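Reading the structure
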Amino acid sequence: GLETVLAKASSEDLFALADAARYRRQPDVARAALMAERRRFPGSPRALDAIFLLGRVEELHDRGAAQALSRYDEYLTRAPAGPFVGEALGRKMTLIDRLEGAAKARPVAEEYLRRFPKGNYAGAARTLLRAP
């Protein structure tokens with residue numbers, strides 16, 4: 001069963017399970033696999049990646065935006081040069097804009113453009129900075 005997989009699967013298999021569950025919109029299974037990754041392999045790079053992916057999973061819930069934002073902040077703090085920094089910063093920017101408004105999101109947009117001027121969220125950041 002799932003509990004056995006979570007307890008015994010390799011790091012690679014836990015990530016594969018989490019990815020499959022995210023794509024199939026099974027956030028509880030994805031969260032469980034990512035939490036198992038963090039618990040069982042705490043010093044691994046994948047444990048840090050799991051923080052970012054937990055944010056993505058939280059975004060699947062109607063009321064998960066605040067928790068997702070918390071996960072992105074944790075990832076940006078713990079993995080400042082990690083492979084998902086641009087994505088985490090961009091998603092953080094859009095969530096802050098949605099939750100707290102453009103004025104609060106502008107500093108994040110500025111940081112995003114400073115670090116990732118041609119990144120996936122650059123257009124959204126520029127739009128946010130031009131908004132009244």
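Structure report, in brief.

The rules behind the values
- Residues numbered from 1 in each chain as written.
- Predicted model: local features only at pLDDT ≥ 70, side-chain atom pairs only at ≥ 80, totals over all residues.
- Heavy atoms only, no water.
- Helix = DSSP H or I, 4+ residues; strand = E, 2+ residues; numbered from the N terminus.
- Expected span 1.5 Å × (residues − 1).
- Buried < 20%, exposed > 50% of the residue type's maximum accessible area, 1.4 Å probe, protein only.
- Contact = heavy atoms within 4.5 Å.

Taking 1.5 Å per residue, 16 residues should reach 22 Å; helix H6 (residues 85-100) reaches 21 Å between its end C-alpha atoms and fits that length. All of the buried residues along H6 are Val85, Gly86, Ala88, Leu89, Gly90, Arg91, Lys92, Met93, Leu95 and Ile96. Tucked inside the fold, the buried residues of H6 contact helix H4 (45-59), helix H5 (65-78), helix H7 (102-115) and helix H8 (122-130). Note on H6: the residue one or two positions beyond its end, Gly101, has a positive phi of about 100 degrees.

This paragraph deals with H7. Over its 14 residues, H7 extends 19 Å from the first C-alpha to the last, a length consistent with the 20 Å expected when each residue adds 1.5 Å. Along H7, the residues that are buried comprise Ala102, Ala105, Arg106, Val108, Ala109, Tyr112 and Leu113. Tucked inside the fold, the buried residues of H7 contact H6 and H8.

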